[in-house]
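Coordinate analysis (summary)
These are the residues of each chain, in order.
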There are 2 protein chains.
Amino acid sequence: MDGGVGAKKPGVTSSQVAEHAGVSQSAVSRTFTPGASISSKTRAKVLASAKELGYRPNAIARSLITNRSRIIAVVMAYLENLFYPDVLEELGRRLAAEDYHLLLFTGFMDRDSDPVFDQLMQYRVDGIILASTSLSSDLSEECATAGIPVVLFNRTTQRDAVSSVTTRNRDGGRKIAEFLVAGGHKSFGYIAGLESSSTNRDRFLGFAEGLQAHGFTDIALGKGNYSRLDAEAAARDMLSGPNRPEAIFVANDHMAVAVMDVARHEFGIAVPEQLSIVGYDDVGPARWTSYGITSMSQPLKKMVEATVDILMDQITSGEIEAEHRILSGELVVRTSARLPKTGVVDIDGRKLYRPKDTA
Amino acid sequence: MDGGVGAKKPGVTSSQVAEHAGVSQSAVSRTFTPGASISSKTRAKVLASAKELGYRPNAIARSLITNRSRIIAVVMAYLENLFYPDVLEELGRRLAAEDYHLLLFTGFMDRDSDPVFDQLMQYRVDGIILASTSLSSDLSEECATAGIPVVLFNRTTQRDAVSSVTTRNRDGGRKIAEFLVAGGHKSFGYIAGLESSSTNRDRFLGFAEGLQAHGFTDIALGKGNYSRLDAEAAARDMLSGPNRPEAIFVANDHMAVAVMDVARHEFGIAVPEQLSIVGYDDVGPARWTSYGITSMSQPLKKMVEATVDILMDQITSGEIEAEHRILSGELVVRTSARLPKTGVVDIDGRKLYRPKDTA
DNA sequence: AATTTTCTTGCATACGTATTCAAATCTGGC
DNA sequence: GCCAGATTTGAATACGTATGCAAGAAAATT
């Protein structure tokens, strides 16, 4: 299937437009270069000819000379979790607004992101957004020396030269602990995401801290790996044990929904009467009334905005200094967990957990 | 934010590698061109130097000379419906396997796909996949004259020069009608997708035909526009009326889930005891046990495979002749609709509706 | 060993654009 | 109508690669 000989029509070039308009090729180029020195008269001539011939500047050729592709690579290994499609959609909007384009890498196992990386580099992308995958250390270093900005989305790392955008996952985990303790729960479980992800670690850390502050040190653990199937299995395990926890914090909503399905329909457990479930992300299905998952929200639009901001900054300045933006979410209260006596407030039609004593 | 002067590191060129290896630039090029005439000895030398210098062929420059970008544009206005992220993931896999890359356009209103089109053309993409948006007639024509293959995914059109991949939506609609009639339902409703979409038209057409064959000509109608919010509104309307239908066919699962939520939680209607709901796509949430939507499946992987096949064919042959691939789905039976006495069979753990009398 | 045939190789050129530089044109003030 | 200055213009070049062509090297044939 390679080496095809199909002839694509050559396409109109700036020289052809130039000839048709009776000007030089430079003039055509300048017409389509914002801020270039060109008189309105010749500009008009060129535009007329361009329209007549159906000319469009060749972005490929332009990239070659400017050394700017105006392409941002977005790497998302999987899109199963609706959070990421939402991110993608917003990224599409924001990048388009900046006149950038989105080269998507998806549909591969998390492990083999390295071959993907080769492709990235070949297209001389102007920036890289890593959303549901990581990058081996030498690769991120290679980006740095190549002068390509890299932003981790919803995860972080210690390496310098790699920026990140996250929310206060540790605070979030702690807040969820507070909420569940205030709700009178006495035993707890945690169903984890990918254990290698910083986000998962931080959420658990905060959760454990928050519980410990009230004297609870025992947490039932399950491994969900951010995957629906794994989360289901973990839930079965946790719920069938002799001492089933009264409350489970699931590392994200995508898995929380699965856990709730297992609890209700496989075990006949009433949620929230017999079991409280709290998730993270506040993603679409969490809001659907069948689930109504109480969940820490992540300010998706602001996160995307920050991501694009960082990229644009680094691209225009040429300075690649790691920048870490950390945003805050809210604990959105719905019906999947028993409520505390106080602390739930109504704001703009959303119920949020905002206790007096905590920050 | 434009006109930045940030200096991206130049990057290693083939000439530099050539010099380092003591060969000509041509030799370097041939080393990285599969099937080119090069001795294994010099090839080895080049590869060694390339590795040492960290050389990667510049895809941009290559595109300029070959007139092939190895980029496929994928246009998906919205990703709210999980069906499309799933498609995207599979597309990512398949295109990567063919050594093609995916330039994604998303996050804009369906109407303004025309500015998007300009961008497409500037990058000289080798093919275009239109998944959740259409293209105005003159634009598809322009693609044809430019020699760029276009494939409509999950919708179709009469224009020649534009290929399409769909399933037998009309048959699907008819089968759903048969299923509901066999289930003993006497009154019916339809909640539509975007009225301009061929897919929506065909599904409704088949549904109406199937009902008519059994003497039912009255169908309650609602407009869901493939949007969750609109579907909810349509459901409220349809369910609060004086003669609420016993069975509703919702044009896709994304909306069916919303309709079910409204029925159960806003109206307290028992599904399927008091109301049957059937959807289309067999997408993730339809399978979740809280919903268990009975749904016509679309063979996503085969659809994507066909799409990529068509593109590769047309790219390599240079012949852009419209090709229309039409695949078949199955009616996957779950718990959202009352069952007919006969015709539901168990295959590979899935329950399918396969009545004896129909094809 | 001489000759033909097949492989390799380097040179030169082309792809379509942006940009430098010097020449040409225009502007306004006298 | 003349000159300094500002603006506009075109010629030439560069970006990094692929490829036709002719020459050279190696292999195969006689």
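Residues numbered from 1 in each chain as written. Chains lettered and ligands numbered in written order. Predicted model: local features only at pLDDT ≥ 70, side-chain atom pairs only at ≥ 80, totals over all residues. Heavy atoms only, no water.

1. Digging into the overall build of chain A
Filter applied, for reference: Secondary structure elements follow DSSP: runs of H or I of four or more residues count as helices, runs of E of two or more count as strands, with numbering from the N terminus. For the exposure calls, accessible area comes from a 1.4 Å probe over protein chains only, and a residue counts as buried if that area is under 20% of its type's maximum, exposed if over 50%, partly exposed in between. The contact rule is simple, with two residues in contact once any of their heavy atoms fall within 4.5 Å. Reported accessibility uses the Shrake-Rupley method at a 1.4 Å probe radius. Residues are deemed covered only where the shown protein chains occlude them. His is not counted, nor are the chain ends, whereas Lys and Arg count as positive and Asp and Glu as negative. To locate a charge, the coordinates of NZ of Lys, CZ of Arg, CG of Asp or CD of Glu are taken.
Within chain A, the regular secondary structure consists of 13 helices and 14 strands. Taking the principal axes of the C-alpha coordinates as reference, chain A spans close to 85 × 45 × 40 Å. Here chain A, with 359 residues, has 54% of them falling under the buried criterion. Of all intrachain contacts in chain A linking residues separated by at least 6 positions in sequence, the fraction that spans at least 24 positions is 70%. Element-wise, carbon and sulfur atoms account for 50% of the exposed surface of chain A, whose accessible area totals about 15,400 Å². Averaging the coordinates of the 40 positive side-chain charges in chain A and doing the same for the 44 negative ones gives two points 6 Å apart.

2. Some words on the protein's contact with DNA strand C
Operational definition: Summary of the distance rule: residues count as near a molecule or strand when at least one heavy atom falls within 4 Å of that molecule or strand. In the analysis that follows, any N or O atom pair within 3.5 Å is treated as a polar contact, provided that within protein one partner can donate a hydrogen and the other can accept it, and provided that, for residues neighboring in sequence, both atoms belong to side chains.
Every one of the 26 residues lining DNA strand C counts as a neighbour, but Ser14(A), Ser29(A), Ser26(B), Arg30(B) and Thr42(B) are closest to it. In DNA strand C, the atoms that sit within 4 Å of the protein are 55% sugar and phosphate, with bases accounting for the remainder. Contacts to DNA strand C include Arg30(B), whose side-chain N or O atom sits 2.7 Å from a base nitrogen. One of the side-chain nitrogen or oxygen atoms of Thr42(B) is found 2.9 Å away from a phosphate oxygen of DNA strand C. The set of elements that each furnish at least two residues to the surface near DNA strand C consists of helix H2 (25-31) and helix H4 (59-66) of chain A together with helix H2 (25-31) and helix H4 (59-66) of chain B.

3. Brief notes about the nonpolar core
Soluble globular proteins tend to pack their nonpolar side chains together in the buried interior. The cut-off we apply is this: Only buried residues count toward a nonpolar core. Its members are Ala, Val, Leu, Ile, Met, Phe, Trp, Tyr and Cys residues joined through side-chain atoms within 4.5 Å.
Ranked by internal contacts, the top residues of the largest apolar core, which has 140 residues, are Phe207(A) and Phe207(B). In this structure, Phe207(B) is in contact with Gly173(B), Arg174(B), Ile176(B), Ala177(B), Leu180(B), Phe188(B), Gly189(B), Tyr190(B), Ile219(B) and Phe249(B), ignoring residues within four places of it in sequence. Within the second largest apolar cluster, 59 residues are counted, among which are Phe83(A), Leu104(A), Val283(A) and Val151(B).

4. Topic: the sheet that holds strand E3 (residues 127-130) of chain A
Filter applied, for reference: For two strands to pair, DSSP has to find at least two bridges joining them. Lines fitted to the C-alpha atoms define the axes, with helices restricted to the stretch that makes contact. Angles between their N-to-C directions range from 0 to 180 degrees.
Taken together, the 12 strands give an open sheet; going across it, the order is E11(A)-E5(A)-E4(A)-E3(A)-E1(A)-E2(A)-E2(B)-E1(B)-E3(B)-E4(B)-E5(B)-E11(B), and neighbouring strands pair in mixed fashion. Taken across any chain shown, the strands that pair with only one partner, and hence form the sheet edges, are strand E11 (324-327) of chain A together with strand E11 (324-327) of chain B. For this sheet the average axis-to-axis angle between neighbouring strands, irrespective of direction, equals 20°. In terms of strand pairing, strand E4 (residues 150-153) of chain A meets strand E5 (residues 162-167) of chain A through 4 bridges, oriented parallel.

5. Topic: the relation of the copies chain B and chain A
Both copies of the chain are related by one operation, a rotation about an axis with a shift along it. Worth spelling out the cut-off: Here the copies were fitted onto each other by least squares, based on C-alpha atoms from residues at pLDDT of at least 70 in both.
Once chain B is rotated about the relating axis by 180° and shifted along it by 0.1 Å, it coincides with chain A to within an RMSD of 0.1 Å. Within this description, the copies of the chain are treated as partners about a two-fold rotation axis. When each C-alpha of chain B is compared by its distance to the rotation axis, Leu103(B) comes out closest, at 2.3 Å. Most of the interface of chain B is mirrored in chain A, where 100% of its interface residues are also at the interface.

6. Considerations on the pattern of salt bridges
Residue and element names in this part refer to chain A. Put simply, the test is: A carboxyl oxygen of Asp or Glu within 4 Å of a side-chain nitrogen of Lys or Arg is what we treat as a salt bridge.
The tally for this structure, following the rule as stated, stands at 36 salt bridges over all chains. In this structure, Glu195 and Lys223 form a salt bridge, with 3.3 Å as the shortest nitrogen-oxygen distance. With Glu195 in the loop between strand E6 (188-192) and helix H9 (198-212) and Lys223 in strand E7 (residues 219-223), this residue pair connects regions lying 28 residues apart in the sequence. Judged by its relative accessible area of 47%, Glu195 is partly exposed. Several salt bridges share partner residues, and in doing so they unite Arg228, Glu232, Arg236, Asp261 and Glu266 into one network.

7. Looking at the domain arrangement of chain A
In many analyses, interface size is given as the accessible surface area lost on bringing the parts together. All names here are of chain A. Stated formally: Throughout, the edges of the domains are those of an automatic or database domain assignment. In short, buried area is how much 1.4 Å probe accessible area vanishes from two parts on joining, totalled over both. The residue classification treats Ala, Val, Leu, Ile, Met, Phe, Trp, Tyr, Cys and Pro as nonpolar and Asp, Glu, Lys and Arg as charged. All others, Gly included, are polar.
When cut into domains, chain A gives domain 1 (14-57), domain 2 (71-168 + 300-327) and domain 3 (169-298 + 330-353). Its largest share of buried area at the contact with domain 3, domain 2 owes to Glu80, Asn81 and Arg168, together 35% of the area lost on that side. Counting every contact that joins domain 2 to domain 3 gives 0 salt bridges. For the pair domain 2 and domain 3, the interface holds 10 residue pairs in polar contact (both at pLDDT 80 or more). Every element with two or more residues in the side of domain 2 that touches domain 3 is listed here: helix H5 (83-97), E5 and helix H13 (300-317). By residue class, the composition of the side of domain 2 that touches domain 3 is 5 nonpolar, 5 polar and 5 charged.

8. Some details on the packing of helix H10 (residues 228-240) of chain A against helix H11 (residues 253-267) of chain A
Residue and element names in this part refer to chain A. Applied cut-off: Angular relationships are summarised with four words: roughly parallel below 35 degrees, roughly antiparallel beyond 145, roughly perpendicular across 65 to 115, and oblique for the angles in between. Left-handed describes a crossing whose near helix is turned anticlockwise from the far helix through less than a right angle; right-handed describes the clockwise counterpart.
Two numbers describe how H10 lies on H11: the axes approach to 8 Å, and their chain directions differ by 45°. Between H10 and H11, the interaxial angle falls into the category oblique. Judged by the twist between their axes, the crossing of H10 over H11 is right-handed. Contacts between H10 and H11 involve Arg228, Ala231, Glu232, Ala235, Arg236, Leu239 and Ser240 on the former and, on the latter, His254, Met255, Val257, Ala258, Val259, Asp261, Val262, Ala263, Glu266 and Phe267. Split by residue class, the contact of H10 with H11 holds 10 nonpolar, 2 polar and 5 charged.

9. Digging into the interface of chain B and chain A
Taken together, the 67 residues of chain B in the interface contact 67 residues of chain A. Scanning the region where chain B abuts chain A turns up 2 salt bridges. When the shortest N-O distance is used, the salt bridge between Asp118(A) and Arg56(B) registers 2.0 Å. Taken together, chain B and chain A are joined by 23 residue pairs in polar contact (both at pLDDT 80 or more). Contributions of two or more residues to the side of chain B that touches chain A are made by H4, helix H5 (83-97), strand E2 (101-106), helix H6 (113-122), helix H7 (137-146), helix H11 (253-267) and helix H13 (300-317) of chain B.

10. Remarks on the protein's contact with DNA strand D
As a structural note, the neighbourhood of DNA strand D is formed by 25 residues, with Arg30(A), Ser39(A), Thr42(A), Ser14(B) and Ser29(B) the closest of them. Within the side chain of Gln25(B), a nitrogen or oxygen atom sits 3.1 Å from a base nitrogen of DNA strand D. For DNA strand D, a phosphate oxygen lies 2.9 Å from a polar atom in the side chain of Tyr55(B). Sorting the residues of the surface near DNA strand D by element identifies H2 and H4 of chain A together with H2 and H4 of chain B as the ones contributing at least two each. Among the residues making up the surface near DNA strand D, the classes are represented as 9 nonpolar, 12 polar and 4 charged.

11. What to know about the packing of aromatic side chains
Note the following rule: Pairing of aromatic side chains requires ring centres within 6.5 Å, counting the rings of Phe and Tyr and the six-membered ring of Trp. Pairs whose planes differ by under 30 degrees are stacked, by over 60 edge-to-face, and all others tilted. Look at NZ for Lys and CZ for Arg. If either is within 6 Å of the ring centre and within 35 degrees of the ring normal, a charge sits over the ring.
If you walk through the whole model with that rule in mind, you get 25 aromatic pairs over all chains. Ring centres of Phe188(A) and Phe207(A) lie 6.5 Å apart, and the angle between their planes is 80°; on these two criteria the pair is classed as edge-to-face. One end of the pair, Phe188(A), is in strand E6; the other, Phe207(A), is in helix H9, with 19 residues separating them in the sequence. Classification of Phe188(A) by relative accessible area gives buried; the value is 2%. Considering the side-chain rings of Tyr291(A) and Tyr291(B), the 5.8 Å spacing of their centres and the 70° angle between planes classify their relative orientation as edge-to-face. Residue Tyr291(A) is located in the loop between helix H12 (284-287) and strand E10 (294-297), and its partner Tyr291(B) is located in the loop between helix H12 (284-287) and strand E10 (294-297); the two belong to separate chains. Comparing Tyr291(A) with Tyr291(B), the two get one shared label, buried. Chaining the aromatic ring pairs together yields one cluster made of Phe188(A), Tyr190(A), Phe204(A), Phe207(A), Phe216(A), Phe249(A) and Tyr280(A). Seen from the ring of Tyr280(A), Arg203(A) lies directly overhead, with NZ or CZ sitting 3.7 Å from the centre.

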